[in-house]
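Residue-level structural notes
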Number of protein chains: 2
Amino acid sequence: MVRGRICRLLVRDVRFPTSLGGHGSDAMREAQREREHKQGELEREKQASCGAGSPMRRWIPGPWDHDLSRRQTLNDCATQHTDPDYSAAYVVLETDAEDGLKGYGLTFTLGKGTEVVVCAVNALAHHVLNKDLRDIVGDFRGFYRQLTSDGQLRWIGPEKGVVHLATAALLNAVWDLWAKQEGKPLWKLLVDMDPRELLSCIDFRYITDVLTEEEAYEILQKGQVGKKERGQMLMHGYPAYTTSCAWLGYSDDTLKQLCTEALKDGWTRFKVKVGADLQDDIRRCRLIRNMIGPEKTLMMDANQRWDVPEAVEWMSKLAEFKPLWIEEPTSPDDILGHAAISEALVPLGIGIATGEQCHNRVIFKQLLQAKALQFLQIDSCRLGSVNENLSVLLMAKKFEIPVCPHAGGVGLCELVQHLIIFDFISISASLENRMCEYVNHLHEHFRYPVVIKKASYMPPKDAGYSTEMKEESVKKHQYPHGEVWKKLLAAQEN
Amino acid sequence: MVRGRICRLLVRDVRFPTSLGGHGSDAMREAQREREHKQGELEREKQASCGAGSPMRRWIPGPWDHDLSRRQTLNDCATQHTDPDYSAAYVVLETDAEDGLKGYGLTFTLGKGTEVVVCAVNALAHHVLNKDLRDIVGDFRGFYRQLTSDGQLRWIGPEKGVVHLATAALLNAVWDLWAKQEGKPLWKLLVDMDPRELLSCIDFRYITDVLTEEEAYEILQKGQVGKKERGQMLMHGYPAYTTSCAWLGYSDDTLKQLCTEALKDGWTRFKVKVGADLQDDIRRCRLIRNMIGPEKTLMMDANQRWDVPEAVEWMSKLAEFKPLWIEEPTSPDDILGHAAISEALVPLGIGIATGEQCHNRVIFKQLLQAKALQFLQIDSCRLGSVNENLSVLLMAKKFEIPVCPHAGGVGLCELVQHLIIFDFISISASLENRMCEYVNHLHEHFRYPVVIKKASYMPPKDAGYSTEMKEESVKKHQYPHGEVWKKLLAAQEN
């Protein structure tokens, strides 16, 4: 079925000016921003799409804009992921096959820096161009290794940061193309592959001390039992939780309103951002817990805000609001730190969740070895695509740690739903303590957007990895020459 | 003394075609390469400089060259750091002060991918441009945090890979400029700073569970005692070891010849690359151990070649050659893996050394916490410059683990000598089990090259961080338009 030589590779820098709405804001806000809130200058903007008339607020420019002195004051405070412009390095693969099918892949970014990932995709492109798709998927492990072990590019990784994000974008496009050629949604392609074929996609390098290929095979063999029944269960969808109600950038009124609407829509699991100010967190958590009641699930997310001792201290004071987990309490690189926090907080009934910035399978391996997390959050765009995520899903199964994917941003929901649906059907075989993040932003730009019903992801039916954006959206949001950015940059000038 | 607003920032992609000589080759060589050796096709080339008449051998092109199909066969094997073209993203800072002094900084790369780091430097540039140098060094911790916590760029790190390498290049240039303005070599600038001033350069975020600012202060206060005497000791230089004799790319004859010469030059510590083929390693290690005798020091370096169980097994078979350490036995991200290897090999008399690809202080913190290494190898260009290295030197002191810097490549010896000399005078106060790597490549391109006497680094006397390259070298080696590359690319075409 698989066919064609990859004859064209395009990569584009696509940015959505979400910072204008305060969506996606997490962790410490600076005093100025805080004041803006209280003055009610920030009005609720539920939709991230930004027309020409939108207010220009604290938009931080990309590196193309060289009059930099004026803007220093906007940006000179230690903050994290405030004012993200949800963006993507967006890859399109074409083949010489006559079917006209293309592979679309992306990795998620926050605005500035997308051009750096684009540059890395170009640096890796020669590994993909002129390759026959049969040769790629016929030795997918070898192909993965080739990309991640390029003798020169490896130095600026390895398997982390920019080059690994670029690898993810490329491989996501390959998987999309493969699934399209097979005429199946990606999750179904994976579900239908036999265990040996699945394993042949995984690079076990650096994880054999925890998971050998034979152990992985046994896990997948066991997963064959009851597959069909689990597939049918998903007629009702895969459980989701929402992060859309409680970004740090939202006022209490916005928060209440969004929470009310979410409850009405059937949501039962809510995540709130914390870590900027303890009293503020207490107020916001109390507000949400009161609104959702004692039975529904509340999670908290600190986006790496704390050092280890601070995380324990802070969360001890939020324990009364009964969070299921605290997400990213500290540096994503700090395995032993997460283990220490976990040891302190699990007795208080709070689990540790992390993963969206864990840069490869070696970090996940150690988080599992060290009992550093109780919920493992894979990301479809930071790890080396499906290939590397397969290895993490299998390790999580071995340690019996539930996988609750990271999503949101742009496209992350579209992609990761495939992985978690496959995980349920073929690996974990359980829904206990499992759910997939959902954020209601930017889906309108995708050709096959997620479908949420009754707070659940409905399994995608279209062929591919749901990665394809609408061409019009891509054109409008290309940075810096798309229509949307031209207008914003012109407004900035005036 | 400090003066001037940074009014210009240039960054250049400078590459030396070292792959033509087999210098820097480590880990697995592919069968083809191996055959080339045996056929004697690879002649010894001690000097990395490459004239127009040099043989073109397996040169892997950068991404600018788009006829890619032909070269796939050269590059389709899982290898590590074979055929590096030692390179640098090279930053020049100019101020509006009338002294005409410039700051030079670099980060080391292996050829392809340098353009990606250059792109990241440009993305970070607005944090540096138009800043007053007094404001930068007056709140160096804040400035460090600003660079590493950029709300949008942080996502594609944080503090790892490409963006962190770019941060290093920028900050190295700032330190060079500062030291030049003070009229001191960097090590002396550091030695003369009082403890509080040194601490104000360090971001303690994510390491306070292991090292608080007060503990760091106490270490530095203790280090004040005997500083003058230690400064005088360094009249004889800081001990070095050589990696120049035993790259994997060298034939046995080359190896013998280089070893003989090194012994004649007074070298007493030698490092050999291992990990490609066990029988080959045994032969090469026996050869070297026989040549240097039982008293001299032999180290081994696997450049991340192995999984954890393999590392233990392999090194057990090389134990008879009495290596002081095995360097980088596995993934640089695998703290627990290094701890397991360490536990197995220390009883055999073999220590674990790692660090050249440890991407930030959080990883070093954990390696120390987990007793995962016996020798800590800082790198001047992968961590966030002097600032982050200071925190690692202090943590190493707390755990009483000797620091033995990584060097080589291009410029790494020039830079890191400053750090280790400062470490000896102001922090470690010991030479026991300590030495700094030395590789005799590419120093001729620097304006203030290292001076080695009797196998020791002589403390630099010129003001600055020894980062400045000769303008002629930079021009000739700029990629892809410098003279050297124009010729190579033209030869490639023919």
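Residues numbered from 1 in each chain as written. Chains lettered and ligands numbered in written order. Predicted model: local features only at pLDDT ≥ 70, side-chain atom pairs only at ≥ 80, totals over all residues. Heavy atoms only, no water.

1. Here we look at the overall build of chain A
Just so we agree on the cut-off: Helix and strand assignments come from DSSP, with helices taken as H or I runs of at least 4 residues and strands as E runs of at least 2, each series counted from the N terminus. Residue burial is assigned from relative accessible area. The probe radius is 1.4 Å, only protein chains are included, and a residue is buried under 20% of its type maximum, exposed over 50%, and partly exposed in between. Note on definitions: a residue-residue contact is assigned when non-hydrogen atoms from the two residues lie within 4.5 Å. Exposure was quantified through the Shrake-Rupley algorithm and a 1.4 Å probe, taking into account, for residues, occlusion by the shown protein chains and nothing else.
Counting its regular elements, chain A contains 18 helices and twelve strands. Split into buried and exposed, the 494 residues of chain A put 68% on the buried side. Intrachain contacts of chain A at a sequence separation of at least 6 include 78% that bridge at least 24 residues. A total of about 16000 Å² of accessible surface is found on chain A, and carbon and sulfur atoms cover 50% of it.

2. Topic: the confidence of the model for chain A
Residues and elements named next belong to chain A. Using the following cut-off: Known as pLDDT, the predictor's confidence for each residue is given on a scale from 0 to 100.
Looking at chain A as a whole, the pLDDT averages 89, with 87% of positions reaching at least 70. Segment residues 27–79 is flagged for pLDDT under 50; beyond a separation of four residues in sequence, or across chains, it makes 121 contacts in the model. ipTM for the predicted complex: 0.90, alongside a pTM of 0.91.

3. Considering the layout of surface pockets
Residue and element names in this part refer to chain A. The test is simple: Only protein atoms enter the 1 Å grid used here. Points where a 1.4 Å probe fits but cannot escape make up a cavity, open sets with protein on both sides within 12 Å along at least five of seven lines make up a pocket, and a residue lines them when an atom lies within 4 Å of a point. Grid points are joined across faces, edges and corners, and a volume is the space filled by probe spheres set on the points. Throughout this entry, Asp, Glu, Lys and Arg are counted as charged residues, while Ala, Val, Leu, Ile, Met, Phe, Trp, Tyr, Cys and Pro are counted as nonpolar. The remaining residues, Gly among them, count as polar.
What the largest pocket holds in volume is close to 460 Å³. The set of elements that each furnish at least two residues to the lining of the largest pocket consists of α6 (186–192), α9 (227–233) and α16 (412–428). When its residues are assigned to classes, the lining of the largest pocket shows 13 nonpolar, three polar and six charged.

4. What about unusual backbone geometry?
All names here are of chain A. The omega torsion across Gly157 and Pro158 is -15°, close enough to zero to call that bond cis. Here Pro158 lies in the loop between α4 (140–148) and α5 (161–182). The peptide bond linking Tyr479 to Pro480 adopts the cis configuration, its omega dihedral lying at 0°. Here Pro480 shows up in the loop between α17 (471–477) and α18 (483–493). If you check the backbone angles, Asn303 has positive phi at about 45° while not being a glycine.

5. Considering the sheet that holds strand β3 (residues 102–109) of chain B
Residue and element names in this part refer to chain B. Using the following cut-off: For two strands to be treated as a pair, DSSP must find at least two bridges joining them. Here an angle of 0 to 180 degrees is reported between the N-to-C directions of two axes, which are lines fitted to C-alpha atoms, with helices fitted over the stretch in contact.
The three strands are arranged β1-β2-β3 in an open sheet whose pairing can be described as antiparallel. Only two strands of the sheet have a single partner each, and these edge strands are β1 (6–15) and β3. On average, adjacent strands in this sheet sit at an angle of 15° to one another, irrespective of strand direction. Taken together, the eight bridges between strand β2 (residues 87–95) and β3 define a ladder with antiparallel strand orientation. Of the residues in β3, the one forming a bridge with Val91 is Gly105.

6. Description of the environment of A:Lys188
All names here are of chain A. Of note, Lys188 is situated in helix α6. Assessed through its relative accessible area of 33%, Lys188 is described here as partly exposed. It is 9.2 Å that separates the C-alpha atoms of Lys188 and Pro460, two residues lying 272 residues apart in sequence.

7. Here we look at the packing of helix α2 (residues 114–124) of chain A against α5(A)
Residue and element names in this part refer to chain A. What counts here: Our angle categories are set so that under 35 degrees counts as roughly parallel, over 145 as roughly antiparallel, 65 to 115 as roughly perpendicular, and the remainder as oblique. Crossing chirality is assigned from the near helix's rotation relative to the far helix, an anticlockwise turn below a right angle marking it left-handed and a clockwise turn marking it right-handed.
At a minimum axis distance of 8 Å, the contact between α2 and α5 shows a crossing angle of 65°. With respect to α5, the axis of α2 lies roughly perpendicular. Of the two possible hands of crossing, α2 and α5 adopt the one that is right-handed. The segment α2 lies against α5, with Val116, Val117, Ala120, Val121 and Leu124 engaging Val162, Val163, Leu165, Ala166, Thr167 and Leu170. Of the residues assigned to the contact of α2 with α5, the class counts are ten nonpolar, one polar and no charged.

8. With respect to the pattern of salt bridges
Under the convention used in this document: Throughout this description, the term salt bridge denotes a Lys or Arg side-chain nitrogen within 4 Å of a carboxyl oxygen of Asp or Glu.
The tally for this structure, following the rule as stated, stands at 67 salt bridges over all chains. Close ionic contact of B:Asp192 with B:Lys184 constitutes a salt bridge, the shortest N to O distance being 2.8 Å. A relative accessible area of 37% means that B:Asp192 is categorised as partly exposed. With its nearest N and O atoms 2.7 Å apart, the salt bridge here joins B:Asp252 to B:Arg283. One end of the pair, B:Asp252, is in helix α10 (residues 252–264); the other, B:Arg283, is in helix α11 (residues 278–292), with 31 residues separating them in the sequence. Within this structure, A:Lys271, A:Lys273, A:Asp301, A:Glu327 and A:Glu437 form a network of salt bridges that share partners.

9. A few points about the packing of aromatic side chains
Each pair of aromatic rings is reported with the distance of its centres and the angle of its planes. The condition is simple: Planes of paired rings set the category: under 30 degrees apart is stacked, over 60 is edge-to-face and the rest tilted, where pairs are Phe, Tyr or Trp rings (Trp by its six-membered ring) whose centres lie within 6.5 Å. The rule for a charge over a ring is simple: NZ of Lys or CZ of Arg within 6 Å of the ring centre, and within 35 degrees of the ring normal.
For the coordinates displayed, the defined rule picks out 28 aromatic pairs over all chains. Residues B:Tyr479 and B:Trp485 carry aromatic rings whose centres are separated by 5.0 Å and whose planes lie at 75° to one another, so their mutual orientation is edge-to-face. Feature note: the residues A:Phe140, A:Phe143, A:Trp175 and A:Trp178 constitute an aromatic cluster, connected by ring pairs. Lying across the ring of B:Trp155, A:Arg382 places its NZ or CZ 4.7 Å from the centre. Taking NZ or CZ as reference, B:Arg196 lies 3.7 Å from the ring centre of B:Tyr217, over its face.

10. Structural notes on the packing of helix α15 (residues 385–399) of chain A against α16(A)
Residues and elements named next belong to chain A. As a packed pair, α15 and α16 sit with axes 11 Å apart at the nearest point and diverge in direction by 45°. As summarised for this structure, α15 and α16 are arranged oblique, according to the angle between their axes. Crossing of α15 against α16: the hand is right-handed. Residue-level inspection shows Val386, Asn389, Leu390, Leu393, Leu394 and Lys397 of α15 in contact with α16, the latter providing Leu419, Phe422, Asp423, Ile427 and Ser428.

11. Examining the relation of the copies chain A and chain B
Each of the two copies of the chain can be brought onto the other by a rotation about an axis and a shift along it. Operational definition: Fitting of the copies onto one another was done by least squares over C-alpha atoms, counting residues only where both copies have pLDDT of at least 70.
Mapping chain A onto chain B calls for a rotation angle of 180° and an axial translation of 0.0 Å; the resulting RMSD is 0.0 Å. The superposition operator between the copies reduces to a two-fold rotation axis. Taking the C-alpha atom as reference, chain A places A:Gly161 closest to the rotation axis, 2.5 Å from it. Here 100% of the interface residues in chain A have copies in chain B that are interface residues too; the copies meet face to matching face.

12. Description of the sheet that holds strand β1 (residues 6–15) of chain A
Residues and elements named next belong to chain A. Spatial ordering of the open sheet is given by β1-β2-β3, a layout of three strands whose pairing is antiparallel. Unpaired on one side and paired on the other, β1 and β3 (102–109) mark the two borders of the sheet. Taken pair by pair, the neighbouring strands of this sheet meet at an average axis angle of 15°, ignoring direction.

13. What to know about helix α14 (residues 361–369) of chain B
Residues and elements named next belong to chain B. We count it as follows: The term polar contact refers here to a pair of N or O atoms within 3.5 Å; inside protein, the definition further demands a hydrogen-donor-capable atom paired with an acceptor-capable atom, and it admits residues adjacent in sequence only when both atoms are side-chain atoms.
Counted residue by residue, α14 has eight buried out of nine residues, so it is predominantly covered. The set of residues buried in α14 consists of Arg361, Val362, Ile363, Phe364, Lys365, Gln366, Leu367 and Leu368. Where α14 begins, the capping side chain belongs to Asn360, and its oxygen is found 2.9 Å from the backbone nitrogen of Val362. Downstream of α14 by a residue or two, Lys371 has a phi angle that is positive, lying close to 55°.

14. Here's the deal with the interface of chain A and chain B
Much of the literature gives interface size as the accessible area that the parts lose upon coming together. Inclusion rule: Note: buried area is the sum, over both parts, of the accessible area (probe 1.4 Å) each one loses when the two are combined.
Contacts between the two partners involve 80 residues from chain A, matched on the other side by 80 residues from chain B. Here chain A meets chain B over a buried area of about 6600 Å², counting both sides, of which 55% is carbon and sulfur. Considering only the side of chain A, the residues that lose the most area to chain B are A:Gln152, A:Trp155 and A:Ile156, jointly responsible for 14% of the buried surface there. Put simply, chain A and chain B have six salt bridges between them.

15. A closer look at the pairing of strand β2 (residues 87–95) of chain A
Residue and element names in this part refer to chain A. Counting buried positions along β2 yields nine of nine residues, so the element is predominantly enclosed. Side chains Ser87, Ala89, Val91, Leu93 and Thr95 of β2 all project onto a buried face; the interleaved residues Ala88, Tyr90, Val92 and Glu94 project onto the opposite face, where all are buried too. The antiparallel hairpin formed by β2 and β3 contains six residues in its connecting segment, where Gly100 sits at a positive phi of about 70°.

16. Considering the environment of A:Leu220
All names here are of chain A. Position of Leu220 among the secondary structure elements: in helix α8 (residues 213–223). Of the residues examined, Leu220 reaches a relative accessible area of 2% and is grouped as buried. Residues Leu220 and Asp265 lie 45 residues apart in sequence; the distance between their C-alpha atoms is 36 Å. With near-sequence residues (within four places) excluded, Leu220 lies in contact with Pro195, Leu198, Leu199, Leu394, Ser426 and Ile427.

17. As for the pairing of β1(A)
Residue and element names in this part refer to chain A. Most of β1 sits inside the fold, with seven of its ten residues counted as buried. Sheet topology note: the β1/β2 ladder contains nine bridges and is antiparallel. Across the sheet, the residue bridging to Leu9 is Leu93, located in β2.

18. Examining the environment of A:Thr167
Residues and elements named next belong to chain A. For Thr167, the location among the structural elements is in helix α5. As for Thr167 and Leu9, which are separated by 158 residues in sequence, their C-alpha atoms are 13 Å apart. Excluding anything up to four places from it in sequence, Thr167 contacts Leu124, Leu147 and Thr148.

19. A few points about the side chain of A:Thr109
Mapped onto the secondary structure, A:Thr109 falls in strand β3. In this structure the side chain of A:Thr109 is engaged in a polar contact, spanning 2.9 Å, whose partner is the side chain of A:Thr114. Apart from residues lying up to four places away in sequence, A:Thr109 is in contact with A:Asp85, A:Tyr86, A:Ser87, A:Ala88, A:Ala89, A:Thr114, A:Val117, B:Trp155 and B:Ile156.

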